[in-house]
Structure formats: structure tokens, C-alpha cells
Amino acid sequence: GKQDGWIARLDAAGKVLWEKTCGGSARDWLCAVTVVEGGMIAAGTTESKGAGERDGWILRLDETGAIVQDQAVGGAHDEIVHDMARAKDGTVILVGSQKDGLAAAWLAVVSAAGGTVETRRFDSRQAVFNSVAVTLDEGWAMAGEYLKGNSRYGDFWLLKLDQNRKGPPSEK
């Protein structure tokens, strides 16, 4: 394609065991990877598939590098993934932004079996989630930024969701 994601597996000495490019006919890129039993999971953004011009993208690969799941995640708007985390139960959360006019912070939850459990937009300000982590209580913590009013400079934003994906009472 015009731009493909690239992923490689190295041994303990740093020797490349395998490497591959992944993607379709348009631009596709990877931004996060995690090693799991039997392989790895990679996440990024695709312009080659999905419902919008850009959608979140999740790849599951086995230990030989064979793709066992290649899934676009998102809707009719543009979703751009910035980070990914995986819970003990295998659930994966993708975070980034969704653009429908102004960008809003966005997350998608993908089950261990590969189905999209939910997608959510947070706030209508110019906002983005840049990173995500699983918390000790199996919730999720997202960090990002948003623009305030007509300012060119944003503020830092931290949001914690519990293991049922519920946030603070002020969540919009």
C-alpha cells in the first residue's frame, strides 16, 4: 500500500526472528504492541478498511508472525489510535481521537475473542487520549490533552474508569 505497518519479533540477543509489513492499499500504521501468550497484539490506524476514512486497527499475530485477526474498529467518523493496553482477561482497549468536526477523545474496547464490545467519545472539546494503562484494580487510566476555549494551548487530562468502564460522576 501507500504506507504499511511494520512489526518484527526479536530474540533475547536482538536477532530478528521474523518481520512483516501489514496493511492494505491505502495508508496504515501501527503505534503500539504488546506480547501475549502465543504471539502479540499490535494496534494502529487504517485507511484501507473500516467504515470511515480512518479507523482504529488491531492485529493479533501468532508466534510465527501469522496474522490471526485483522480488524478495523470504529464508525463513520475518523478514529485515530495513539495507544493500547491489555487486561488480564484478554480485553484490549484502544485510545486516541475521533473526529467529527472537532476531535473528541475516543476509546474502543475489544474482547479477547476479537469482537468490539463498545466505543466511546469523551467530551466535545478538541481532545485526545495519548496513552492508556491497566490499573491495579483492573480499571483503565487514560492520559491526554484538550484545548480550552479559543486557546492554542491545551491542558493535561487524566481519566480513570473502573473495571466496569464507569468513570467519575462528572463524566460527559
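See the structure shown above.
Just so it is clear, the structure is predicted and the values come from calculations on it, not from any experiment.

Peer 1: An account of the sheet that holds strand 8 (residues 92-100) is requested, with residue identities and associated values reported.
Peer 2: Spatially, the 4 strands line up as an open sheet ordered 7-8-9-10, and their pairing is antiparallel. Every interior strand has two partners, whereas the edge strands, strand 7 (78-86) and strand 10 (116-122), have only one. Ignoring strand direction, the axes of neighbouring strands in this sheet form an average angle of 20°. In terms of strand pairing, strand 8 meets strand 9 (residues 102-110) through 9 bridges, oriented antiparallel. If you follow Val95 over to strand 9, its bridge partner there is Leu107.

Peer 1: How would you summarise the state of the cysteines if you had to cite specific residues and measurements?
Peer 2: One pass over the structure, following the stated rule, counts 0 disulfides. Free cysteine: Cys22, not disulfide-bonded; nearest cysteine sulfur from Cys31 at 13 Å. Of the residues examined, Cys22 reaches a relative accessible area of 4% and is grouped as buried.

Peer 1: Help me get a handle on the pairing of strand 6 (residues 67-73), residues and values and all.
Peer 2: As paired strands, strand 5 (residues 55-62) and strand 6 are joined by 6 bridges and run antiparallel to one another. Within strand 6, the residue paired with Gly56 across the bridge is Val73. In this antiparallel pair of consecutive strands, strand 5 and strand 6, the connection spans 4 residues, and Gly65 shows a positive phi of 95°.

Rules used throughout
- Residues numbered from 1 in each chain as written.
- Predicted model: local features only at pLDDT ≥ 70, side-chain atom pairs only at ≥ 80, totals over all residues.
- Heavy atoms only, no water.
- Pairing = 2+ DSSP bridges.
- Helix = DSSP H or I, 4+ residues; strand = E, 2+ residues; numbered from the N terminus.
- Axes fitted to C-alpha atoms, helices over the stretch in contact; angles between N-to-C directions.
- Disulfide = S-S within 2.5 Å.
- Buried < 20%, exposed > 50% of the residue type's maximum accessible area, 1.4 Å probe, protein only.

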